[in-house]
Amino acid sequence: MTLQGKTALITGSTSGIGLAYAKTLAGQGANIVINGFGDKDAIEKERVALEQASGAKALYSGHDLTKVDQIEAMMAEAAKAFGGVDILINNAGMQHVAPVETFPVDKWDLIIALNLTAAFHTTRLAVPYMKEKKWGRIIQTASAHSKAASPFKSAYVTAKHGLAGFTKTVALEVATFGVTANCISPGYVWTPLVENQIPDTMKARNMTRDQVINDVLLAGQPTKEFVTPEQVAAIALFLCGDAASQITGANLSVDGGWTAQ
Ligand code: NAD
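In this text, all values refer to a predicted model and were calculated from it rather than measured experimentally.

Thresholds, definitions, all that
Residues numbered from 1 in each chain as written. Predicted model: local features only at pLDDT ≥ 70, side-chain atom pairs only at ≥ 80, totals over all residues. Heavy atoms only, no water. Salt bridge = Lys/Arg side-chain N within 4 Å of Asp/Glu carboxyl O. Helix = DSSP H or I, 4+ residues; strand = E, 2+ residues; numbered from the N terminus. Buried < 20%, exposed > 50% of the residue type's maximum accessible area, 1.4 Å probe, protein only. Core = buried A, V, L, I, M, F, W, Y, C linked by side-chain atoms within 4.5 Å. Contact = heavy atoms within 4.5 Å. Near = heavy atom within 4 Å. Polar contact = N/O pair within 3.5 Å; in protein donor to acceptor, adjacent residues only side chain to side chain. Areas by Shrake-Rupley, 256 points an atom, 1.4 Å probe, with all protein chains shown as cover. Nonpolar A, V, L, I, M, F, W, Y, C, P; charged D, E, K, R; others polar. Expected span 1.5 Å × (residues − 1). Bend = angle between axes of the 7 residues up to and from the residue. Pairing = 2+ DSSP bridges. Axes fitted to C-alpha atoms, helices over the stretch in contact; angles between N-to-C directions. Right-handed = clockwise from strand over helix to strand, strands pointing away.

J.: Hey, could you run me through the pattern of salt bridges in this one?
T.: If the charged atoms of two oppositely charged side chains come close together, the side chains can form a pair. Considering all chains together, one arrives at 4 salt bridges under this definition. For Glu51, the salt bridge goes to Arg47, with nearest N and O atoms at 3.1 Å. Highlighted residues: Glu51 and Arg47, both in helix 2 (residues 40-54), separated by 4 residues, approximately one helical turn. Note on Arg47: relative accessible area 17%, which makes it buried. Each of the salt bridges in this network shares a partner with another, and the network as a whole consists of Glu44, Arg47 and Glu51.

Dropping the structure here:
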């Protein structure tokens, strides 16, 4: 497959799964818009590497996607540079682990804003161009937590279930325009997001680090292995191809069997 001439915008792509999407789609010649936080020099290095891999352009747009005006600014930068976004991957996300009765209100608001509401804003701004082009791909990094719950993750599970419903709705609205909308739902992928929640989970469950990894994180994953970011990105690449043109409104699991239980 080649994605030459297409532009992919991937939110939260300075790290983890998002960076793997960016590398994979750049490998097929797409222009890339990366977004997310991190060390300026490291991000610039990644941006240059993406251009080398794609032979096309890569743009960094470092806006905070919990804020509507900044999402609008990012989408405007992408439109100015490339005309519009052909492949939108809503991937930026954060986690907080705490019992519901002490769940910090500001963390709830942030998680809903980033993991759910940001996808609404990027989608509403991307769809007109996709409809006009009669081609588009909207891909969400949802989660096994869009299908099942775990204790102490109320905001995250709520946002991801919402994202799955939102994606089905959008899929129906754009179905006759050559545009598909799908969720990819990973189980545990070894990224900074997972590593960073280990201390809070240790505290919430009174466990050691090894106990959290084996008895909490991988407990529900029957293969007992973490998913890799590259495996998630390979599904996104498949969804961009002609073979996937009739896959829309789907929620594809890549979770080592977690949600089969
Ligand atoms: P990560 O922490 O490695 O990456 C998150 C990215 O989002 C980073 O680029 C970060 O800078 C960016 N980001 C954070 N706050 C932002 C903000 N306010 N505005 C813009 N960007 C922001 O995490 P990851 O594990 O790669 O997660 C990516 C997605 O995959 C998330 O939506 C997450 O919920 C989902 N997911 C992860 C796992 C897993 O096990 N790692 C499993 C299922 C789903």
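Picking up where we left off.
J.: How should the nonpolar core be read in this particular structure?
T.: In terms of nonpolar packing, the biggest core is built from 31 residues, with Tyr21, Leu25, Ile32 and Ile184 touching the most fellow members. Of all the elements in the fold, those that place two or more residues in this core are strand 1 (7-10), helix 1 (16-26), strand 2 (31-34), helix 2, strand 4 (87-90) and helix 8 (229-240). Residues contacting Ile32, with those up to four places away along its chain left out, are Ala8, Ile10, Ala22, Leu25, Ala26, Leu50, Lys57, Ala58, Leu59 and Phe82. By size, the runner-up hydrophobic cluster in this structure holds 23 residues, among which are Val33, Ala126, Val170 and Val174.

J.: Would you take a moment to explain the site of the ligand for this structure?
T.: Around the ligand there are 30 residues in total, and Ser15, Asn91, Tyr156, Val189 and Thr191 lie nearest to it. Phe37 has a polar backbone atom sitting 2.8 Å from an oxygen atom of the ligand. A distance of 2.7 Å is found between an oxygen atom of the ligand and a backbone nitrogen or oxygen belonging to Asn91. Contact with the protein chains removes 92% of the 830 Å² of surface that the ligand exposes when unbound. It is helix 6 (residues 192-205) that contributes the most residues to the shell around the ligand, 3 residues altogether. Looking at side-chain class alone, the shell around the ligand contains 13 nonpolar, 15 polar and 2 charged residues.

J.: Even after reading the chapter, I still don't get helix 6, so can you show me in this structure?
T.: Think of an α-helix as turning once every 3.6 residues; residues three or four places apart then point the same way. With 14 residues, helix 6 should cover 20 Å at 1.5 Å per step; its first-to-last C-alpha distance of 20 Å lies within 8% of that length. Of all bends in helix 6, the biggest is about 35 degrees, found at Pro199. Of the surrounding elements, those touching the buried residues of helix 6 are helix 7 (209-217). Immediately beyond the C-terminal end of helix 6, within one or two residues, lies Asn206, with a positive phi of roughly 55 degrees.

J.: Would you mind showing me how to read the sheet that holds strand 7 (residues 251-254) here?
T.: Two orientations exist for strands paired in a sheet by backbone hydrogen bonds: parallel and antiparallel. With parallel pairing, the 7 strands of this open sheet are ordered in space as 3-2-1-4-5-6-7. Every interior strand has two partners, whereas the edge strands, strand 3 (58-60) and strand 7, have only one. Between one strand axis and the next, the sheet turns through 15 degrees on average, direction left out of account. For strand 1 and strand 4, the ladder comprises 3 bridges, and the chain directions are parallel. In the strand pairing of strand 4, Ala8 is matched with Ile87. Where helix 4 (residues 105-133) meets the sheet, its contacts fall on strand 4, strand 5 (136-141) and strand 6 (179-186), and the angle it forms with strand 4 comes to roughly 175 degrees. Strands strand 5, strand 6 and strand 7 of the sheet are contacted by helix 5 (residues 154-174), whose axis makes an angle of about 160 degrees with strand 6.

J.: Could you clarify how one ought to interpret the pairing of strand 2 in this entry?
T.: Along any regular strand the residues' side chains alternate between the sheet's two faces. Residue alternation in strand 2 divides its side chains into two sets, Asn31 and Val33 and Ile32 and Ile34, and both sets are buried. Taken together, strand 1, helix 1 and strand 2 form a β-α-β motif whose crossover is right-handed. Alignment of strand 2 against strand 3, held across 3 bridges, turns out to be parallel. Each residue of the ladder has a partner; that of Val33, found in strand 3, is Leu59. In terms of handedness, the path from strand 2 via helix 2 over to strand 3 forms a crossover that is right-handed.

J.: Got a minute to help me understand the pairing of strand 5 in this structure?
T.: Across the 6 residues that make up strand 5, a large majority, 6, are buried. With burial as the criterion, each face of strand 5 is covered, one bearing Gly136, Ile138 and Gln140 and the other bearing Arg137, Ile139 and Thr141. Note: strand 4 against strand 5, 4 bridges, orientation parallel. Residue pairing for strand 5: Asn90 is matched across the bridge by Gln140. The handedness of the strand 4 to strand 5 crossover, carried by helix 4, is right-handed. By the bridge criterion, 6 bridges tie strand 5 to strand 6 in an arrangement that is parallel. From the neighbouring strand, Gly136 faces strand 6, where its bridge partner is Val179. Following the backbone out of strand 5, through helix 5 and into the adjacent parallel strand 6, one traces a crossover that is right-handed.

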